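Here is how the chains run, residue by residue.
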Amino acid sequence: MSIQSDSQIRELALNQQMIVPFVDGSIRSLTFGGDGPDDSADTSVTRKILSYGLSSYGYDVRLDETIKIFTNVNSSIIDPKRPSHQCMVDATIQIDDDGARYVILPPNSYLLGVTHEYFKIPRDIMVVCVGKST
């Protein structure tokens, strides 16, 4: 078994709809706004974001805002097979000065999120999901 290159991931995503919606390339900034009211002033703003889309030998996903944090703040055991409601709390979505949304993950905890993308992985493909340090 080998690691799939970005061109192989692109082919699977486009021909077999392995990733929907599929973004062909890594998006690292977004532009908002447009022309001003007098059509002479450009009021668009570009801001950096955490990347998403096809990257070298991988695909960066986006999380929807439905996020649960599993934490032992209530001194209970975190068991992913038998989750206790004492361990699960709704994540509070924070918004920074430039409008970017983020979640603060407390120490000794992890989160459960829903991706914006849907995956239909063929049986002969294995995937690995790794959280970003940011």
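This text gives an overview of the structure that appears in the document. (Residues numbered from 1 in each chain as written. Predicted model: local features only at pLDDT ≥ 70, side-chain atom pairs only at ≥ 80, totals over all residues. Heavy atoms only, no water.)

1. Here's the deal with the nonpolar core
Nonpolar side chains in soluble globular proteins tend to end up buried together.
Consideration 1: Within the largest apolar cluster, eleven residues are counted, these being I9, L12, A13, M18, I19, F22, V23, Y52, L54, Y59 and I125.
Consideration 2: With three residues, helix α1 (residues 6-15) is the largest single contributor of residues to this core.
Consideration 3: Apart from residues lying up to four places away in sequence, M18 is in contact with I9, L12, A13, Y118, F119, K120, I121 and P122. (Core = buried A, V, L, I, M, F, W, Y, C linked by side-chain atoms within 4.5 Å. Buried < 20%, exposed > 50% of the residue type's maximum accessible area, 1.4 Å probe, protein only. Helix = DSSP H or I, 4+ residues; strand = E, 2+ residues; numbered from the N terminus. Contact = heavy atoms within 4.5 Å.)

2. A word on the environment of Y110
Consideration 1: Position of Y110 among the secondary structure elements: in strand β9 (residues 110-115).
Consideration 2: Considered as a pair, Y110 and M88 are 22 residues apart in the sequence and their alpha carbons are 9.9 Å apart.

3. Topic: the environment of K68
Consideration 1: You can see K68 is positioned in strand β5 (residues 63-70).
Consideration 2: Taking C-alpha positions, K68 is 4.7 Å from D90, a pair spaced 22 residues apart along the chain.
Consideration 3: Those residues in contact with K68, other than ones at most four positions away along the chain, are V89, D90, Y110, L111 and L112.
Consideration 4: Polar contacts involving the side chain of K68 include one to the side chain of D90, which spans 2.6 Å. (Polar contact = N/O pair within 3.5 Å; in protein donor to acceptor, adjacent residues only side chain to side chain.)

4. Some thoughts on the packing of aromatic side chains
Consideration 1: Enumeration according to the criterion identifies two aromatic pairs in this entry.
Consideration 2: Here the aromatic rings of F22 and Y59 are separated by 5.7 Å at their centres, their planes lie at 25°, and the arrangement is stacked. Within this pair, whereas F22 is found in the loop between β1 (19-20) and β2 (26-32), its partner Y59 is found in strand β4 (residues 58-60), the two being separated by 37 residues in sequence. Taken as a pair, F22 and Y59 share a single burial class, namely buried. (Phe/Tyr/Trp six-rings, centres within 6.5 Å; stacked < 30°, edge-to-face > 60°.)

5. Details of the pairing of strand β3 (residues 45-55)
Consideration 1: Strand direction decides the pairing type here: β2 and β3, joined by six bridges, are antiparallel. Within β3, the residue paired with S26 across the bridge is G53.
Consideration 2: Sheet analysis places β3 next to β4, joined by three bridges and oriented antiparallel. Its bridge partner being in β4, L54 is matched across the sheet by Y59.
Consideration 3: The hairpin turn running from β3 into β4, its antiparallel successor, is two residues long, and Y57 in that turn takes a positive phi close to 60°. (Pairing = 2+ DSSP bridges.)

6. With respect to the sheet that holds β2
Consideration 1: Taken together, three strands build an open sheet; the order of strands is β2-β3-β4 and the sheet is antiparallel. Strands at the two margins of the open sheet, each flanked by one partner only, are β2 and β4. With strand direction ignored, the average angle separating the axes of adjacent strands in the sheet is 35°. (Axes fitted to C-alpha atoms, helices over the stretch in contact; angles between N-to-C directions.)

Function cannot be inferred from these measures alone, as they are strictly geometric.
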